[in-house]
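Single-letter residue listing:
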Amino acid sequence: MAIDLNPSMAACEKDAKALQFIEEMTSNVGPVQRRVLTEILSRNGGTEYLKRYDLGAGVDVVSAFKAKIPIVTYEDLQSEIQRIANGDRSPILSSHPISEFLTSSGTSAGERKLMPTIQEELDRRQLLYSLLMPVMNLSVPGLDKGKGLYFLFVKSETKTPGGLPARPVLTSYYKSEHFRERPYDPYNVYTSPTEAILCPDSHQSMYVQMLCGLCQRLDVLRVGAVFASGLLRAIRFLQLHHEQLAHDIATGTLSDKIKDRAVRDSVAHLLKPDPELARFISRECSTGDWAGIITRIWPNTRYLDVIVTGAMAQYIPTLEYYSGGKLPMACTMYASSECYFGLNLRPICKPSEVSYTIMPNMCFFEFLPHVGDRKGKAPSHEELVELADVEVGKEYELVITTYSGLCRYHVGDILLVTGFHNKAPQFKFVRRKNVLLSIDSDKTDESELQKAVDAASRVLKRVNATVVEYTSYADAKTIPGHYVVYFELMMAAAAVNDEVMEECCIEMEEALNAVYRQGRVGEAIGALEIRVVRGGTFEELMDYAISRGASINQYKVPRCVSFTPIMELLDSRVVSKHFSPRCPKFNPNGNHHPDNN
């Protein structure tokens, strides 16, 4: 479907300039990309990393880059990144000083990746943010007449041995001047005080953000969080704490459990005794009927602003339940810790139709045709396709070269080209490469799951039991969602008891990566569950797969399942269920030294 971004249709002059910028960028993809790559190479040509490949100088440097620079992963750059983290200030990857590290999903060794970034990247990220509302205003007019109820949070951060901050990309943004000192914009007003968003205690932050959202319920025109899982967690919080929230609203006083002075001060002007609103909240939340609760409490809501692509698609049915099936779900932008990439020019489309238009000024983009299992063969730079040359209907793996010094970095996202806006391709996010399980911002791949199963196997070995086979899935029906792992066991005459299986759950969680463990401690992820199935279940699973056409010679037990008939078969064979009785250990000040990975 064609997208009309005619600046004459903009809600205001500021929006018109933003729409004009999008049109200019997307109409000149080739020239903009050449300029971006030339700037990056000119700026970083003297770095240790690029000098290693002897690109030369002058007009041929771009050609030399394309011929000589290899495709790399995080592991390929880890020694250079660790030197920077340890305090080496020489131009290793970037000629501009590294200002901080953005922590990304866990490595195979279980610790967060450290993505080096430079100060000006904040400007680039802010630029992309500034384009979101002008596009949204074309689809949903009148957003300047109300507010957005967003549940936004900072996460724990640390410092590297060299003294640089290491924190998630959104925590970096929320703590930046771009966010803290943002100018007033009638189209982008939040119900949550900035002090509540920046509060490091997630319970206090959530409580005050929910309280402010309730007090201003008739002003709310959009409800959102970064991920769908975050919004569902907020609804669950309301279920658990509506009585205390109603009490505070009725009396005009803030719960003593909110200790943060800046947070308390930020709501002092808002919190006045309102018994009528308190009775309304109590009535709506006490019936046990939570269908449509979002539109019942915030009746003027026009849409939900949440990411529901990729792994987050599993939450769509639950969001539809809580919104009464009446609200569109807007996925507005596509970004990662490494770089921000693009935006959705049709933000009110169906979740299944979401495509992101890549903005060619963000970094230099290349695409590796996705061919499935490469059987150990490393991808070649000769296979790479530039942004302007991708083909509709084909899947690609994203490779980026950034101003911060990442060169031909393999991000791990698999994208499907769905069309073009002007000359800029539009991509549907298909999935993260090799990721099996995800609930929130966690990403667990097959090797990590195997490591966790190995940890459980060591527990079982002590009681003469072994794991015959296993598979898993991410259960999004609970709030918060949690990992479910099916075990078929072989054991001695004595049955494995609940205490042993709970220990297996604990050891599996301890073996999973830092992002998972932080999510558990922060209540973004529920307790891991092991479901023990009776003997012969996985043979039945194989028989079912073969009956559907799988080759008996090539059949492999899937390590993650999502097909409903298979899950029903597994659940019908369950003989016992066991949950982790406590959270795993998580140290927010974890050591980033590679010897400790």
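See the structure printed just above.
Residues numbered from 1 in each chain as written. Predicted model: local features only at pLDDT ≥ 70, side-chain atom pairs only at ≥ 80, totals over all residues. Heavy atoms only, no water.

1. Section: the overall build of the protein chain
The test is simple: Starting at the N terminus, helices and strands are each numbered in turn, a helix being any DSSP run of H or I of at least four residues and a strand any DSSP run of E of at least two. Radius of gyration here is computed from C-alpha atoms only, and the compact-globule reference equals 2.2 Å multiplied by the residue count raised to the power 0.38. A 1.4 Å probe rolled over the protein chains alone gives each residue an accessible area, and that area as a share of the maximum for its type sets the label: buried under 20%, exposed over 50%, partly exposed in between. Here a residue-residue contact requires only that any non-hydrogen atoms of the pair lie within 4.5 Å. To be clear on the numbers: accessible area is Shrake-Rupley with a 1.4 Å probe, and residue cover counts the displayed protein chains and nothing else. Positive: Lys, Arg. Negative: Asp, Glu. His and the chain ends are not part of the count. For the purpose of locating charges, the reference atoms are NZ of Lys, CZ of Arg, CG of Asp and CD of Glu.
Across its full length, the protein chain carries 20 helices and 22 strands. At 25 Å, the protein chain has a C-alpha radius of gyration in line with the 25 Å of a compact globule built from 597 residues. Across its three principal axes, the protein chain shows a C-alpha extent of roughly 75 × 65 × 50 Å. The burial tally for the protein chain puts 54% of its 597 residues in the buried class. Pairs at least 24 residues apart make up 69% of the contacts formed inside the protein chain by residues separated by at least 6 positions. Approximately 25400 Å² of the protein chain is accessible, and the part contributed by carbon and sulfur atoms is 51%. Charge-centre separation for the protein chain: the mean point of 66 positive side chains lies 1 Å from the mean point of 73 negative side chains.

2. Observations concerning helix H1 (residues 13-27)
Residue pairs spaced three or four apart in an α-helix point in one direction, given the helix's 3.6 residues per turn. Note the cut-off: An expected span of 1.5 Å times one less than the residue number is assigned to each helix.
A rise of 1.5 Å per residue sets the reference length of H1, with its 15 residues, at 21 Å; its end C-alpha atoms lie 21 Å apart and thus fit the reference within 8%. Among the residues making up H1, those that are buried are Asp-15, Ala-16, Ala-18, Leu-19, Ile-22, Met-25 and Thr-26. Elements that come into contact with the buried residues of H1 comprise helix H2 (29-44), helix H6 (121-139), strand E10 (340-343), strand E11 (356-358), strand E15 (409-421) and strand E16 (424-432).

3. Notes on the sheet that holds strand E3 (residues 147-151)
Quick note on the threshold: Should DSSP find at least two bridges between two strands, the strands are taken to pair. Interaxial angle, 0 to 180 degrees, is taken between N-to-C directions of lines fitted to C-alpha atoms, where a helix line uses only the stretch in contact.
Read from one edge to the other, the open sheet built from four strands follows the order E3-E6-E7-E8, with strand pairing classed as parallel. Lying at the two open borders of the sheet, with one neighbouring strand each, are E3 and strand E8 (329-330). Across two bridges, the pairing between strand E7 (residues 303-307) and E8 is parallel. Pairing of Leu-304 across the sheet is with Met-329, part of E8. Along the sheet, helix H11 (residues 228-251) contacts E3, strand E6 (220-227) and E7; its crossing angle with E6, the most-contacted strand, is approximately 120 degrees.

4. Quick word on the nonpolar core
What counts is decided by this rule: In this text, buried Ala, Val, Leu, Ile, Met, Phe, Trp, Tyr and Cys residues form a nonpolar core when linked through side-chain atoms within 4.5 Å.
Among the nonpolar cores identified, the biggest contains 174 residues, and Phe-365 and Phe-487 are the most heavily contacted of them. Once you skip the residues sitting within four places of it in the chain, Phe-365 turns out to touch Gln-33, Phe-341, Ile-358, Met-359, Pro-360, Glu-386, Leu-387, Leu-398, Val-399 and Ile-400.

5. Let's talk about the pairing of E3
For E3, the tally of buried residues reaches four of five residues, placing the bulk of the element in the interior. Summarising the sheet, E3 and E6 pair through five bridges and their orientation is parallel. Of the residues in E6, the one forming a bridge with Leu-149 is Val-223.

6. Remarks on the environment of Lys-257
For Lys-257, the location among the structural elements is in the loop between H11 and helix H12 (261-267). Using a relative accessible area of 63% as the deciding quantity, one classes Lys-257 as exposed. For the pair Lys-257 and Gln-204, spaced 53 residues apart in sequence, the C-alpha to C-alpha distance is 7.6 Å.

7. Here's the deal with the sheet that holds strand E20 (residues 482-491)
Reading across from one edge, E19-E20-E21-E22 is the order of the four strands in this open sheet, with mixed pairing throughout. Edge positions in the sheet fall to strand E19 (465-475) and strand E22 (574-579), since each has one partner strand and no second. Direction aside, the axes of adjacent strands within the sheet are offset by 25 degrees on average. Pairing geometry for strand E21 (residues 529-533) and E22, over five bridges, is antiparallel. Looking at E22, one finds that Val-533 is bridged to Val-574. Those strands touched by helix H16 (residues 446-461) are E19 and E20, and its axis lies near 140 degrees from that of E19. Across the face of the sheet, helix H17 (residues 498-511) comes into contact with E20, E21 and E22 while running at roughly 55 degrees to E22.

8. A short note on the side chain of Asp-305
As a reminder of what qualifies: The working definition used for a salt bridge is a side-chain nitrogen of Lys or Arg within 4 Å of a carboxyl oxygen of Asp or Glu. Any pair of N or O atoms that falls within 3.5 Å is considered a polar contact. Within protein, one atom must be able to donate a hydrogen and the other to accept it, and sequence-neighbouring residues count only if both atoms are side-chain atoms.
Relative to the helices and strands, Asp-305 resides in strand E7. Here Asp-305 sits buried without a salt bridge, and the closest side chain of opposite charge, Arg-222, lies 4.6 Å off (N-O distance). Within the structure, the side chain of Asp-305 is placed 2.7 Å from the side chain of Tyr-150, a separation counted as a polar contact. Those residues in contact with Asp-305, other than ones at most four positions away along the chain, are Tyr-150, Val-223, Gly-224, Ala-225, Ala-330 and Thr-332.

9. Quick notes on the pattern of salt bridges
Side-chain pairing between opposite charges can occur once the charged atoms of the two side chains come close. Applying the stated criterion across every chain, the model contains 32 salt bridges. With a closest N to O distance of 3.4 Å, Lys-394 and Glu-391 form a salt bridge. Judged by relative accessible area, which is 41%, Lys-394 ranks as partly exposed. Ionic pairing is found between Glu-503 and Arg-462, a salt bridge with its closest N-O pair at 2.6 Å. Residue Glu-503 is located in helix H17, and its partner Arg-462 is located in the loop between H16 and E19; the two are separated by 41 residues in the primary sequence.

10. Quick notes on the packing of aromatic side chains
The condition is simple: Two aromatic rings from Phe, Tyr or Trp, using only the six-membered ring of Trp, form a pair when their centres are within 6.5 Å; if the ring planes differ by under 30 degrees the pair is stacked, by over 60 it is edge-to-face, and anything between is tilted.
Taken as a whole, this structure holds 19 aromatic pairs when the rule is applied. Seen in terms of ring centroids, Phe-65 and Phe-364 are 6.3 Å apart; in terms of plane orientation they differ by 80 degrees. Their pairing is edge-to-face. With Phe-65 in helix H4 (residues 61-68) and Phe-364 in strand E12 (residues 364-369), the pair connects residues that are 299 residues apart, well separated along the chain. Here the two residues Phe-65 and Phe-364 agree in accessibility, since each one is buried. When the centroid spacing of 6.3 Å and the interplanar angle of 80 degrees are considered together, the rings of Tyr-207 and Phe-237 count as edge-to-face.

11. Let's talk about the packing of helix H10 (residues 202-215) against H11
Inclusion rule: Roughly parallel covers angles under 35 degrees, roughly antiparallel covers those over 145, roughly perpendicular covers 65 to 115, and oblique covers all other angles. Note: crossing handedness is left-handed where the near helix turns anticlockwise from the far helix by less than a right angle, and right-handed where it turns clockwise. When residue character is reported, Ala, Val, Leu, Ile, Met, Phe, Trp, Tyr, Cys and Pro are called nonpolar, Asp, Glu, Lys and Arg charged, and the others, Gly included, polar.
Where H10 meets H11, the axes come as close as 9 Å, and the angle between the chain directions of the two elements is 70 degrees. Between H10 and H11, the interaxial angle falls into the category roughly perpendicular. Considering only the axes of H10 and H11, their crossing is right-handed. Residues His-203, Met-206, Tyr-207, Met-210, Leu-211, Leu-214 and Cys-215 of H10 form the contact with H11, whose participating residues are Arg-233, Ala-234, Phe-237, Leu-238, His-241, Gln-244, Leu-245, Asp-248 and Ile-249. Classifying every residue of the contact of H10 with H11 gives eleven nonpolar, three polar and two charged.

12. A word on unusual backbone geometry
Generally, phi is negative for residues other than glycine and the peptide bonds are trans, each holding for most cases. The peptide bond linking Ile-479 to Pro-480 adopts the cis configuration, its omega dihedral lying at -5 degrees. A positive phi angle, close to 55 degrees, is found at Asn-422, a residue other than glycine. Position of Asn-422 relative to the elements: it lies in the loop between E15 and E16. Judged by its relative accessible area of 37%, Asn-422 falls in the partly exposed class. For Asn-464, which is not glycine, the phi torsion reads 60 degrees and is therefore positive. Its location among the elements puts Asn-464 in the loop between H16 and E19.

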